[in-house]
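The chain contents come next:
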Amino acid sequence: MSEKTNQDLERLRDQIDAVDQQLISLLRQRLDLVAQVGAVKHQAGLPIYAPQREASMLAKRRGEAKELGIAPQLVEDILRRLMRESYINEKDVGFKQINPTPRPVVIVGGRGQLGGLFNQMLTLSGYRVELLDQQDWDRAEEIVSEAQLVIVSVPIAVTEEVIKRLPKLPDDCILADLTSIKQKPLQAMLDTHSGPVVGLHPMFGPDVGSLAKQLVVVCNGRDADNYQWLLEQIKIWGARIVDAQAKQHDDAMQLVQAMRHFSTFVYGYNLYKENANLDTLLQFSSPIYRLELAMVGRLFAQDAKLYADIIFAQEHSHDAIADYLKRYQEALTLLNSGDRQGFIDTFDEVAQWFGDFAGQFQRESRNMLKSANDSRQ
Ligand SMILES: O=C(O)C(=O)C[C@]1(C(=O)O)C=C[C@@H](O)C=C1
């Protein structure tokens, strides 16, 4: 490379560095403003996530970007990443306490990951949180004696047993659970406690940075009026609430969770039995295959018992998985018989069934792939 080229590059890179440093300074200013917004929202009891504000802000910035010859999507991607940081920063400012009472919230299994997240959110909202774990059970009666809310957050396999072992709760105490199946825990809570009961299913893992834009499924149990404050508090944390009947939820979870996790498990099991060379697979991976491999591999970085519980606890998951196997075999028959047209006809039938969702999912996955590719070295 010539000396002049070197000098030109160095001069321009110095200017880029200066601009990037200004960007960092602007990020600091923006985060300070967002923290102030968080404080105002804390006082007013407003949710972190403000969809209307986001939509109008993104529309304006996209227009301004376009006028400057900048790709609107680039600006939107940057702002969405900034807002994800805002959710975390605003969370740390704390939240308005919807039900200001000195009575404690008891989290059974609060030293677990999901229980720990609810402990953090409730504490940030000003509630006094007590934990009731295995080592505390001899003091269980004392711990729950004044509780206004008891949340059960233990592995699925022991949820019903733990609920049934709970000491008598105050009559007005709310009994809730966070289990990913709803019918059995809800019935156990209704049988065990005569007061307010509600089943919750947080549709996210404990490693979310904030609850903004997350989803919590609510299965009403008893005396719903008494636990509306809890649902309001969850909304202030930024989450969306969806009501569902417990059976409707469990039936959907068979496909969404049990079958999905089981298929991912089998995919990984097959790679293992084939003794595939992951380094080689990655070497020849397109971005989408790498993402698929990552979604399989991440499963095996987690606790086998958790997924065993999710899959085995679903009473009818065997049926959903057996159906999947039957369709896998039907598709294999098309392949083995060389029935290319039969495959195409079936493919078109399924495409018809997906309808507009197919295009929507293609657009969404395209953006996910771009982001996933950005983070690659
Ligand atoms: O303006 C707000 O209400 C904010 O909380 C700030 C902010 C942002 O980062 O711009 C963050 C989250 C909201 O969903 C909308 C915007």
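Residues numbered from 1 in each chain as written. Predicted model: local features only at pLDDT ≥ 70, side-chain atom pairs only at ≥ 80, totals over all residues. Heavy atoms only, no water.

Novice: Just checking my understanding: could you explain the state of the cysteines for this structure?
Specialist: As enumerated under the stated definition, the model contains zero disulfides in all. Sulfur of Cys173: no disulfide; nearest cysteine sulfur belongs to Cys219 and is 19 Å away. When its relative accessible area of 1% is taken as the criterion, Cys219 is described as buried. (Disulfide = S-S within 2.5 Å. Buried < 20%, exposed > 50% of the residue type's maximum accessible area, 1.4 Å probe, protein only.)

Novice: What should I look at first to understand the UniProt feature "domain: Prephenate/arogenate dehydrogenase" (unreviewed entry) in the chain in this one?
Specialist: UniProt records the feature "domain: Prephenate/arogenate dehydrogenase" (unreviewed entry) for residues 103-365 in the present numbering. Taken end to end, residues 103-365 has its terminal C-alpha atoms 46 Å apart, with 56% of it in helix and 13% in strand. (UniProt positions renumbered as here; feature names shortened; annotations may be inferred. Helix = DSSP H or I, 4+ residues; strand = E, 2+ residues; numbered from the N terminus.)

Novice: Any chance you could explain the packing of helix 11 (residues 287-297) against helix 15 (residues 356-374) here in plain terms?
Specialist: To characterise two packed helices, one gives the angle between the axes of the helices and the distance between these axes. Packing of helix 11 against helix 15 brings their axes to within 10 Å, and their N-to-C directions diverge by 85°. Relative to helix 15, the element helix 11 lies roughly perpendicular. Taking contact as the criterion, the partners of Pro287, Ile288 and Leu291 in helix 11 are, on helix 15, Leu369, Ala372 and Asn373. Class assignment of the residues belonging to the contact of helix 11 with helix 15 gives a composition of five nonpolar, one polar and no charged. (Axes fitted to C-alpha atoms, helices over the stretch in contact; angles between N-to-C directions. Parallel < 35°, antiparallel > 145°, perpendicular 65-115°, else oblique. Contact = heavy atoms within 4.5 Å. Nonpolar A, V, L, I, M, F, W, Y, C, P; charged D, E, K, R; others polar.)

Novice: Just checking my understanding: could you explain the site of the ligand for this structure?
Specialist: Taken together, the neighbourhood of the ligand is formed by 14 residues, with Lys41, Ala50, Glu54, Ser86 and Glu90 sitting nearest. Residue Arg30 places a side-chain N or O atom 2.8 Å away from an oxygen atom belonging to the ligand. The contact in question runs from an oxygen atom of the ligand to an N or O atom on the side chain of Ser86, over 2.6 Å. With the chains in place, 90% of the 360 Å² that the ligand exposes on its own is no longer accessible. At the level of elements, helix 1 (3-44), helix 2 (51-67) and helix 3 (72-93) are the ones that each hand at least two residues to the shell around the ligand. Considering only residue class, the shell around the ligand consists of eight nonpolar, one polar and five charged. (Near = heavy atom within 4 Å. Polar contact = N/O pair within 3.5 Å; in protein donor to acceptor, adjacent residues only side chain to side chain. Areas by Shrake-Rupley, 256 points an atom, 1.4 Å probe, with all protein chains shown as cover.)

Novice: What should I look at first to understand unusual backbone geometry in this one?
Specialist: Peptide bonds are mostly trans, and most non-glycine residues show a negative phi. Phi at Lys213 is positive, roughly 70°, even though this residue is not glycine. In this structure Lys213 comes out as partly exposed when scored by relative accessible area, which is 42%. Backbone geometry at Asn275 places phi at a positive 50°, although glycine is not the residue there. Checked against the element boundaries, Asn275 lands in the loop between helix 9 (246-273) and helix 10 (278-283).

Novice: For this particular structure, what's the right way to read the nonpolar core?
Specialist: One recurring pattern in soluble globular proteins: nonpolar side chains tend to sit buried together. In terms of nonpolar packing, the biggest core is built from 40 residues, with Leu122, Leu149, Leu200, Leu211 and Trp237 touching the most fellow members. Those residues in contact with Leu149 that sit more than four places away from it in its chain are Pro104, Val105, Val106, Cys173, Ile174, Ala176, Trp229 and Leu230. Formed by 23 residues, the second largest nonpolar core is a distinct cluster that contains Ala147, Leu166, Ala188 and Met189. (Core = buried A, V, L, I, M, F, W, Y, C linked by side-chain atoms within 4.5 Å.)

Novice: I would appreciate a short explanation of a nonpolar patch on the surface in the present structure.
Specialist: There is a patch of nonpolar side chains on the surface, built from Phe265, Val266, Tyr269, Tyr272 and Phe300 and spanning about 520 Å² of accessible area. Structurally, Tyr269 is set in helix 9. (Patch = residues over 30% accessible without salt bridge, like charges linked within 9 Å, V, L, I, M, F, W, Y side chains within 5 Å. Salt bridge = Lys/Arg side-chain N within 4 Å of Asp/Glu carboxyl O.)

Novice: When you look at the sheet that holds strand 3 (residues 149-152) in this model, what are you seeing that I'm missing?
Specialist: The strands making up a sheet associate through backbone hydrogen bonding, with each pair oriented either parallel or antiparallel. One open sheet holds the seven strands; their spatial order is 2-1-3-4-5-6-7, and the pairing between them is mixed. At either margin of the open sheet sits one strand with a lone partner, and together these are strand 2 (129-132) and strand 7 (240-243). Direction aside, neighbouring strands of the sheet carry axes that sit 25° apart on average. As defined by bridge partners, strand 1 (residues 105-108) adjoins strand 3 across four bridges and the pair is classed as parallel. Its bridge partner being in strand 3, Ile107 is matched across the sheet by Ile151. Sitting on the sheet, helix 7 (residues 183-192) touches strand 4 (174-177), strand 5 (197-202) and strand 6 (215-222), and the angle it makes with strand 5 is about 155°. (Pairing = 2+ DSSP bridges.)

Novice: Looking at this model, I keep getting lost on the packing of aromatic side chains. Mind explaining?
Specialist: Remark: the centre distance and the inter-plane angle together describe each pair of aromatic rings, the angle taken between the planes. Inspection of the entire model under this criterion finds twelve aromatic pairs. Residues Tyr49 and Tyr87 carry aromatic rings whose centres are separated by 6.2 Å and whose planes lie at 80° to one another, so their mutual orientation is edge-to-face. Here Tyr87 lies in helix 3 and Tyr49 lies in the loop between helix 1 and helix 2, a separation of 38 residues in the sequence. A connected cluster of aromatic rings, assembled from ring pairs, spans Phe262, Phe265, Tyr269, Tyr272 and Phe300. (Phe/Tyr/Trp six-rings, centres within 6.5 Å; stacked < 30°, edge-to-face > 60°.)

Novice: Just checking my understanding: could you explain a negative patch on the surface for this structure?
Specialist: Taken together, Glu3, Glu10, Asp14, Asp17 and Asp20 make up a surface patch of like negative charges. By the secondary structure assignment, Asp17 is in helix 1. We classify Asp17 as partly exposed; its relative accessible area is 41%. (Lys, Arg positive; Asp, Glu negative; His and termini not counted. Charge placed at Lys NZ, Arg CZ, Asp CG, Glu CD.)

Novice: In this structure, what is going on with the environment of Asp136? I would like to understand it.
Specialist: By the element assignment, Asp136 lies in the loop between strand 2 and helix 5 (140-144). For Asp136, a relative accessible area of 8% gives the class buried. Taking the C-alpha atoms as reference points, Asp136 and Val350, separated by 214 residues in sequence, lie 53 Å from one another. Every residue in contact with Asp136, bar those within four places of it in the chain, is listed here: Arg111, Leu131 and Ile143.

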